Amino acid sequence: MGVSKLMDLLLESREVIRNDAKIYLLLESLLLIQLTKSNANIQKIVAFENAFDRLFDVIAQEGYTDGGIVVEDCLLIMLNLLKNNTSNINFFNEGSYIQKLAPMFILPKNIEDIGWSPQKVSNFHCVLQVIRTLVAPSNPIQIITACQKMMRNANLLEAVTNILMALGVPVPADILSETMNTVAEMIRGNLTNQEYFANVMAPSDPPQPAIVVLLNSMNEISQAQVVQTLLPTSGGSMGLTTGQLLCSGLFSSDSLSIWFSAVALSHTLIENPAQKEQLLRVFIATNVGVQPVSLLHQCATYFQQTSKLQAKLGILMLLSMWLSYCPPAVQVFLNVPGAMAFLTAQTSANEYDNNEELLQGLCAFIMGLCVVFNDNTVQNYNKENLSQLIEKRVGVETYLGKLGEISRHEVYSKAAKQPQVRVKHETTSKLLLEYEFCKLFKVLENVIINALGVQRELSNGNMTELSLSEHENALLLQYKDVIRDQDRRLSDIQRQLELMGHEKQHLSNQLEELQQTNLQLQDQNTLLKAQLSTGATIVNNLPTTPNKNEPIEQEYNEQNDLADKLKCLEMESREKQSEIDSLKKEQDDLLELLLTEQELKLNTFKNRLIELGETIEDDPESDNISIGSDN
Amino acid sequence: MSYAYLFKYIIIGDTGVGKSCLLLQFTDKRFQPVHDLTIGVEFGARMITIEGKQIKLQIWDTAGQEAFRSITRSYYRGAAGALLVYDITRRETFNHLTTWLDDARQHSNSNMVIMLIGNKSDLESRREVKKEEGEAFAREHGLVFMETSAKTAANVEEAFINTAKEIFEKIQEGVFDINNEANGIKIGPQHSPTNPSLPGAGGQGGSQGGGCC
Ligand SMILES: Nc1nc2c(ncn2[C@@H]2O[C@H](COP(=O)(O)OP(=O)(O)OP(=O)(O)O)[C@@H](O)[C@H]2O)c(=O)[nH]1
Ligand SMILES: [Mg+2]
């Protein structure tokens, strides 16, 4: 509640005190500045209480950036309300306050006559800070994108860019560089805004070379575009391009320009191996009549000649970015006369002036890169030779010590934490290392140390290519061929595998389809069967069926009758059979009786004959008779 | 981008009733299944249309936890609308409504439109508060009532839009003093008779000012 009351005060008192005592307003704003500094909840409440409206009202009444310290105070409160407060930034954007920033950038027509008062410079700085806070890289990406879009639509991007392009109008250097940083963040990672900017930028005369800081904000496409502008073209001069601008900055006489140009150019190479190789194709003519040399060659020569520390560091950072992960670049570099000797001398030096330990560290770093990303195409400086160089000439201890200087340096720890280049006029000479370089160094420092260790072990074990006999070397080459061959075959096979994988996928898809169809057919089949069986029942139940069955029934009945008859007949036949049997028996009995009677008669007659004296031949058939007669 | 009116809302109610989810569903059309406890206050915004007029809603989602109550109170005064939310599956959140209402009435301007919302209507099986009870409470205290689900989005649009309609009606009836921004209402740039802070935003591209070639 206290905060709300305070806001009331600010709101109401404004009218009253405007004319009499601005001092109250000042006091209040001082209080608010303190209050809003650190507490996110207070910041939100103040914003809810229409603080932005109040602040913009006051700013407008005071004459925007031409106003007095009140304007600065208002802007400082605004800055406090927004800093690290996503909710308020969102509110600021949604509340259409970004539109209200644009008028701040209108320079009075007579600015040349009246000049920039210190207050105006301060106010201007504050507005730029407000904008940078809205699109700070540390904010959530959707917030940044939304604000960037609004800045373009509300013509704020245009207004700020106009300050950069304000040819002929004097703009203090520190305002200019801060404006560049601001524009860079307004277009960072945002294609549409970059497109807008790309179209605007066409100053007739290369203005301040530091303009290349803007490249900080560019993405891969823009990286390619910049390098593209440097590549040889068939057409004649195409006017000034971004790339040429960068090159002219790179080899200008101003340390700071060189540093910025080198950093900007190195940004076009971040994680972009293709661009690193493309850039190798860039040649520049240093003097009329002299054979053009490659850009990389020129860089490698330049850092040997210049005495300016800042410039040297800039170029060395560019070289680090360029050589890392790019053996062709290393090859070109190793062929630059004196480059290695210079690095060796720097790395093995045991004394240095102010900040020169950084220089020596960077030299050591580049030597290391030359070992790690060496494809052994430069005879004198192959992996083995270079590591020997480090071991024997520099000494491993010294080397590691120099390499370690970089991360030990306070400039490094500062730069490593700051993706944004923050420059004030008086501190530009303190720009030595840069964020992306620090990132690269962090990743590769250990890689270098490991690579050196491996090489040392190799040589201790007498396993290096140099120590091999010619025969062994030939053998080794043979093996390498074999391996290369196998490698190729492996990749062939992998491709085939992939192909087959696709085919398999295709087939299994088909299979699945077929199975599906099959299932459907089965279903249909079942259905049909079901239909069929219901159909059959229906047919059975139709009234025509009894007629059909009649003959069968008749037959059936007839059959039954026949079977019955058959049974009767069988019975009858059985009876007759037994009758026949008994008759047969009677017959037999009768026959026997007759036979016996006949025999008796026969015997009687025999006996009579014998009595009558008749001889009777023994008939074999009448044995008993004969026996009887013998006795 | 430009609007006829701007309304400020707050969302209040016990912790866990689904205030942040309702806002998220309204602004982003998403549902967040885990309870991401709100610390202090979070801001969200969306444009709606009522009777052909563009209306910008600025919504402050407050923390339901007791510990943040004093912060929450700072937001009542400047709001034109409030969504008072309870959870139909937890009776105690319904029981606390009177406390919330007293608090709101005490600290807000008297015209603030309050919409009572019974949230989580998708959890019918776990319902502890009948719809009729919500309706009765609303009738008794002169509130508008709706049951919503931040999960299925049922009635979420309606809740925010109906509140705006209510405010819009009050404006047309002349109840609200629209020139007092402390009421949580602003008139859009093109509607206000005088707007001192618009030299750059009005005309498209017409504001280059000095300096350019
Ligand atoms: N089933 C269901 N769950 C919901 C619904 N709305 C919210 N929730 C869940 O309820 C829990 C709390 O939701 P929040 O929106 O974070 O609650 P809050 O009211 O903002 O809580 P505070 O921030 O502590 O005040 C989360 O787990 C949500 O997923 C809903 O309509 N249906
Ligand atoms: Mg919440």
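Residues numbered from 1 in each chain as written. Chains lettered and ligands numbered in written order. Predicted model: local features only at pLDDT ≥ 70, side-chain atom pairs only at ≥ 80, totals over all residues. Heavy atoms only, no water.

Q: Can you explain the site of ligand 1? Please cite residues and give values.
A: Residue and element names in this part refer to chain B. Contacts to ligand 1 come from 25 residues, most closely from T15, K19, G64, D122 and A150. G16 is positioned such that a nitrogen or oxygen atom in its backbone is 2.9 Å from an oxygen atom of ligand 1. Here an oxygen atom of ligand 1 and a backbone polar atom of G18 are 3.0 Å apart. Contact with the protein chains hides 92% of the accessible area of ligand 1, taken as 650 Å² for the molecule alone. For the shell around ligand 1, the leading source of residues is helix α1 (residues 19-28), giving three residues. Residue classes in the shell around ligand 1 are distributed as nine nonpolar, ten polar and six charged. (Near = heavy atom within 4 Å. Polar contact = N/O pair within 3.5 Å; in protein donor to acceptor, adjacent residues only side chain to side chain. Areas by Shrake-Rupley, 256 points an atom, 1.4 Å probe, with all protein chains shown as cover. Helix = DSSP H or I, 4+ residues; strand = E, 2+ residues; numbered from the N terminus. Nonpolar A, V, L, I, M, F, W, Y, C, P; charged D, E, K, R; others polar.)

Q: Account for the packing of aromatic side chains, with residues named and values stated.
A: Counted according to the given criterion, the structure contains 28 aromatic pairs over all chains. With a centroid separation of 5.0 Å and an interplanar angle of 80°, the aromatic rings of A:F91 and B:F43 are classed as edge-to-face. Placement of A:F91 in helix α6 (residues 86-94) and of B:F43 in strand β2 (residues 41-50) is noted, with the two residues assigned to different chains. Like B:F43, A:F91 is buried. When the ring of A:F105 is compared with that of A:F124, the centres are 5.4 Å apart and the planes differ by 85°; the resulting orientation is edge-to-face. In this pair, A:F105 sits in the loop between α6 and α7 (111-114) while A:F124 sits in helix α8 (residues 118-134), placing the two residues 19 residues apart along the sequence. With respect to burial, A:F105 and A:F124 carry one shared label: buried. An aromatic cluster is built from A:F48, A:F52, A:F56, A:F91, A:F92, A:Y97, B:F43, B:W60 and B:Y75, whose rings are joined through pairwise contacts. When the ring centre of B:F26 is taken as origin, the NZ or CZ atom of B:R46, which lies over that ring, is 4.3 Å away. (Phe/Tyr/Trp six-rings, centres within 6.5 Å; stacked < 30°, edge-to-face > 60°. Buried < 20%, exposed > 50% of the residue type's maximum accessible area, 1.4 Å probe, protein only. Lys NZ or Arg CZ within 6 Å of the ring centre and 35° of its normal.)

Q: Which residues make up the coordination of the magnesium ion (ligand 2), and what values do they have?
A: For a metal with four donors in a tetrahedral arrangement, the ideal angle between donors is 109.5 degrees, while six donors in an octahedron ideally sit at 90 or 180 degrees. Residues and elements named next belong to chain B. Around the magnesium ion (ligand 2), the protein contributes the donor atoms S20 (OG) and T38 (OG1), at 2.0 Å from the metal centre. Pair noted here: S20 is in helix α1 and T38 is in the loop between α1 and β2, with a separation of 18 residues, a long-range link. Judged by relative accessible area, S20 falls into the partly exposed class, the value being 26%. (Donors = N, O, S within 2.8 Å, 3.2 Å for Na, K, Ca; no water.)

Q: Which residues make up the pattern of salt bridges, and what are the values?
A: Residues and elements named next belong to chain A. This model, assessed by the stated rule, comprises 26 salt bridges over all chains. Salt-bridge contacts for D492 lead to R495; the nearest nitrogen and oxygen are separated by 3.1 Å. Of the two residues, D492 and R495 are both situated in helix α26 (residues 470-540); the distance of three residues between them amounts to about one turn of the helix. Take D492: its relative accessible area is 35%, and that puts it in the partly exposed class. (Salt bridge = Lys/Arg side-chain N within 4 Å of Asp/Glu carboxyl O.)

Read these as spatial facts, not as claims about activity.
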